[in-house]
Amino acid sequence: MNKIVNYVNGKKNNISEKFISVYNPSTGEEISKVLLSQKEDFEDVIKSSKDSQASWSNTTPLKRSRILSNYKNLIEKNLEELATLVSTEHGKTLDDAKGSVTRGLEVVEFACGIPHLLKGEFSQNVGSNIDSWSVRQPLGISAGITPFNFPAMVPMWMYPISIACGNSFILKPSEKDPSCSIKLAELFTEAGLPDGVFNVIQGDKTIVDLILNSNDISSVSFVGSTPVAKYIYETSAKNGKRVQALGGAKNHLVVMPDANLSQAVDGIIGAGYGSAGERCMAVSVAVAVGEIADELVENIKNKASKLKVAPWTDKDSDMGPVISKEHKEKIENYISIGIQEGAKLIEDGRNYNIQGYENGYFLGPTLFDNVTKEMTIYKEEIFGPVVSVVRVKNYEEALSLVNDHPYGNGTSIYTSDGEVSRNFTTNTEIGMVGVNVPIPVPMAFHSFGGWKQSLFGDHAMHGMEGIHFYTKLKTVTSRWPKSIKSGPEFVLPTN
Ligand code: NAD
């Protein structure tokens, strides 16, 4: 049985010996075992990160950029293998997995510009003969804790930028699909990254708690569910760490009566059911405004019922299984609750059987109509292939619905009215907003992050937010001896 261990100091390694199973979600079979690291593994990783830190932070940004450039080439060369690792353990289609690696690669490409991105500001003569400038310096050791749904892309939102800024980085990937993290680390070593700058430690809450309580770690980046994000934020802050903790979501897509219906329906189908709804930017609520509702529901139903649910090895698959047996049961339970609370089940994805894959964690696309804001399936994140249609009378009601929801990750509006669109982008209490695009995920040179219960902390991920998160600002004020008048000064200088 394949054993997935840590990656420390440029090689695979484990000290402790406790392992748990990793499953193939398409078959339900155990495919490997992953290490549940213990304190001794953590101490080994910390030592390696500390040993590498000083010389890496003194490596010139241009040299760091060249290593990142090599890394970019290696990721491109190994795209198929990385995507296959993602699909095998996560279950998403191969094209979707490739897309996710490519979105991560974009962050590496952005980080290649680090000499430019780290340039500070300079002011001559802030006072007589006094100059002042600011620089951004690395934090030291950063850590990242990541979820199962993007085992390549989400870690890549973090470590390329942290490392480009001169930090060492410790990644604690999800224990559900851990293989990709090791391949990503191996490729970085091959690209020329010094040993210990990027370490990977496998494990669960035990390791997370060691990270949060370590005096050697300066910052924590987290992506996962909201209750854990809140815990990460509070514990890291209590321990004096810089922290960004991204949580769950309930993304609304508003369809106005003047929307291009077929584009809106395609948007809902792709963003609602793609990756079996296991995306933090998945559309889980379609808000039908006014008279468009009946036609919208009818069209979603027609398209949803024709989607091909199959393992990633089937090239025609539109969506694969969900991540685990427990998660499948949780989603099925939400569907039952939806029925009990009075929502109209239009398309039922339960009891979805695929010949030869009877033990896989498959669910079909599920569609509810007449969902109201009091219902559990509206209030809670389901994180599965379930779309809820909420009918509202007008735009104002749609906007309130979006803004009153405690999550604030993403939202989108489909309309042909520029004024409505401008009002929506201005007044939504949401971090990432789309107009006639279903999943408004910002590119690497912008920043990714929600509002409200979807992000705890002050910085979003990647883009300039990432550069600022992974560096400390220092401002220097300098004057040379010959220009200094003799004698102490007792008043604050004003010019
Ligand atoms: P999760 O919160 O269960 O796990 C995330 C990470 O935290 C994993 O590495 C896990 O080992 C660790 N963890 C789990 N429970 C913990 C605990 N009690 N204490 C400390 N650490 C713990 O999330 P998941 O199920 O892996 O991922 C799905 C969730 O992630 C969804 O809620 C989804 O919306 C969210 N997500 C958010 C974004 C975003 O950008 N906002 C992106 C991707 C996923």
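What counts as what
Residues numbered from 1 in each chain as written. Predicted model: local features only at pLDDT ≥ 70, side-chain atom pairs only at ≥ 80, totals over all residues. Heavy atoms only, no water. Helix = DSSP H or I, 4+ residues; strand = E, 2+ residues; numbered from the N terminus. Rg over C-alpha atoms; globule rule 2.2 N^0.38 Å. Buried < 20%, exposed > 50% of the residue type's maximum accessible area, 1.4 Å probe, protein only. Contact = heavy atoms within 4.5 Å. Areas by Shrake-Rupley, 256 points an atom, 1.4 Å probe, with all protein chains shown as cover. Lys, Arg positive; Asp, Glu negative; His and termini not counted. Charge placed at Lys NZ, Arg CZ, Asp CG, Glu CD. Near = heavy atom within 4 Å. Polar contact = N/O pair within 3.5 Å; in protein donor to acceptor, adjacent residues only side chain to side chain. 1 Å grid on protein atoms, 1.4 Å probe; cavity = no way out; pocket = protein on both sides within 12 Å on 5 of 7 lines; lining within 4 Å. Sits in = over half its atoms within 2 Å of the grid points. Pairing = 2+ DSSP bridges. Salt bridge = Lys/Arg side-chain N within 4 Å of Asp/Glu carboxyl O. Phe/Tyr/Trp six-rings, centres within 6.5 Å; stacked < 30°, edge-to-face > 60°. Points joined across faces, edges and corners; volume = space filled by probe spheres on them. Nonpolar A, V, L, I, M, F, W, Y, C, P; charged D, E, K, R; others polar. Domains from an automatic or database assignment. Axes fitted to C-alpha atoms, helices over the stretch in contact; angles between N-to-C directions. Left-handed = near helix turned anticlockwise from the far one by under 90°.

### Considerations on the overall build of the protein
For step 1, the next point in the chain: Assigned secondary structure in the protein consists of 16 helices and 23 strands.
For step 2, the next point in the chain: Its C-alpha radius of gyration of 24 Å places the protein within 12% of the 23 Å reference for a compact globule of 495 residues.
For step 3, the next point in the chain: The principal-axis extents of the C-alpha atoms in the protein amount to approximately 85 × 60 × 40 Å.
For step 4, the next point in the chain: When the 495 residues of the protein are sorted by exposure, 57% land in the buried category.
For step 5, the next point in the chain: Contacts in the protein between residues far apart in sequence, at least 24 positions, make up 72% of those at least 6 positions apart.
For step 6, the next point in the chain: Just so you have it, the protein exposes about 20,900 Å², and 49% of that area is on carbon and sulfur atoms.
For step 7, the next point in the chain: Here the protein contributes 49 positively and 57 negatively charged side chains, and the mean placements of these two sets differ by 7 Å.

### Some remarks on the site of the ligand
For step 1, the next point in the chain: Around the ligand, a shell composed of 26 residues is seen, among which Lys-172, Glu-175, Ser-225, Gly-247 and Glu-381 lie nearest.
For step 2, the next point in the chain: Note that an oxygen atom of the ligand is positioned 2.7 Å from one of the side-chain N or O atoms of Glu-175.
For step 3, the next point in the chain: Gly-224 places a polar main-chain atom, nitrogen or oxygen, 3.3 Å from an oxygen atom of the ligand.
For step 4, the next point in the chain: Spatially, the ligand is embedded in the largest pocket.

### Considerations on the pairing of strand β13 (residues 251-255)
Each regular strand carries side chains that alternate between the two faces of the sheet.
For step 1, the next point in the chain: Across the five residues of β13, five count as buried, placing the element largely inside the fold.
For step 2, the next point in the chain: Across the two faces of β13 the burial is the same, with Asn-251, Leu-253 and Val-255 and His-252 and Val-254 all buried.
For step 3, the next point in the chain: Here β13 runs beside strand β14 (residues 283-289); their pairing, made up of five bridges, is parallel. Across the sheet, residue Val-254 finds its bridge partner in β14, namely Val-287.

### Let's talk about the pattern of salt bridges
A pair can form between side chains of opposite charge whenever their charged atoms are brought close.
For step 1, the next point in the chain: In this structure the tally under the stated criterion is 21 salt bridges.
For step 2, the next point in the chain: A salt bridge links Lys-205 to Asp-209, with the nearest nitrogen and oxygen atoms 3.0 Å apart. Of this pair, Lys-205 and Asp-209 are both found in helix α8 (residues 205-213), four residues apart, which corresponds to roughly one turn of the helix.
For step 3, the next point in the chain: Note that Glu-329 and Lys-325 form a salt bridge whose closest N and O atoms lie 3.4 Å from each other. Of the two residues, Glu-329 and Lys-325 both sit in helix α12 (residues 325-340), four residues apart, roughly one turn of that helix.

### Concerning the packing of aromatic side chains
For step 1, the next point in the chain: Using the criterion set out here, one finds 13 aromatic pairs in the structure.
For step 2, the next point in the chain: Plain terms: the ring middles of Tyr-71 and Tyr-159 are 6.4 Å apart, the flat faces sit at 50 degrees to each other, and that makes the pair tilted. Pair noted here: Tyr-71 is in helix α2 (residues 61-77) and Tyr-159 is in helix α6 (residues 153-164), with a separation of 88 residues, a long-range link. Tyr-159 carries the same exposure label as Tyr-71, and that label is buried.
For step 3, the next point in the chain: Both rings, one in Phe-148 and one in Phe-383, keep their centres 5.9 Å apart while their planes meet at 85 degrees; by these two values the pair is edge-to-face. Of this pair, Phe-148 sits in the loop between β8 (141-145) and α6 while Phe-383 sits in the loop between α13 (376-379) and β17 (386-392), and the two are 235 residues apart along the sequence.

### Description of the layout of surface pockets
For step 1, the next point in the chain: Estimated volume of the largest pocket: approximately 850 Å³.
For step 2, the next point in the chain: Sort the elements by how many residues they give to the lining of the largest pocket and helix α9 (residues 226-238) lands first, with five residues.
For step 3, the next point in the chain: Here the residues of the lining of the largest pocket are counted per class, giving 18 nonpolar, ten polar and eight charged.
For step 4, the next point in the chain: Both domains that furnish three or more residues to the lining of the largest pocket are identified here as domain 1 (3-247 + 454-476) and domain 2 (251-435).

### Thoughts on the packing of helix α3 (residues 79-90) against helix α4 (residues 94-111)
For step 1, the next point in the chain: Running from N to C, α3 and α4 point in directions that differ by 115 degrees, and their axes come no closer than 8 Å. Crossing geometry of α3 relative to α4 is assigned as right-handed. Here α3 contributes Leu-79, Glu-80, Leu-82, Ala-83, Thr-84, Val-86 and Ser-87 to the contact with α4, which in turn contributes Leu-94, Ala-97, Lys-98, Val-101 and Thr-102.
For step 2, the next point in the chain: Among the residues making up the contact of α3 with α4, the classes are represented as seven nonpolar, three polar and two charged.

### Overview of empty space enclosed by the protein
For step 1, the next point in the chain: Here the structure, examined in full by the defined rule, presents two cavities of 30 Å³ or more.
For step 2, the next point in the chain: Estimated volume of the largest cavity: approximately 110 Å³.
For step 3, the next point in the chain: Along the walls of the largest cavity sit 16 residues, with Ala-249, Gly-277, Ala-282, Ser-284 and Phe-383 positioned nearest its centre.
For step 4, the next point in the chain: When the residues that make up the lining of the largest cavity are grouped by side-chain class, the tally is seven nonpolar, five polar and four charged.
For step 5, the next point in the chain: Of the volumes computed, that of the second largest cavity is approximately 50 Å³.
For step 6, the next point in the chain: Along the walls of the second largest cavity sit Arg-103, Glu-106, Val-107, Met-153, Trp-157, Val-441, Pro-442, Met-443, Ala-444 and His-462, which together make up its complete lining.
For step 7, the next point in the chain: Looking at the lining of the second largest cavity, the elements that each hand over two or more residues are α4 and α6.
For step 8, the next point in the chain: Looking at which element gives the most residues to the lining of the second largest cavity, the answer is α4, with three residues.

On their own, these measurements won't tell you what the molecule is for.
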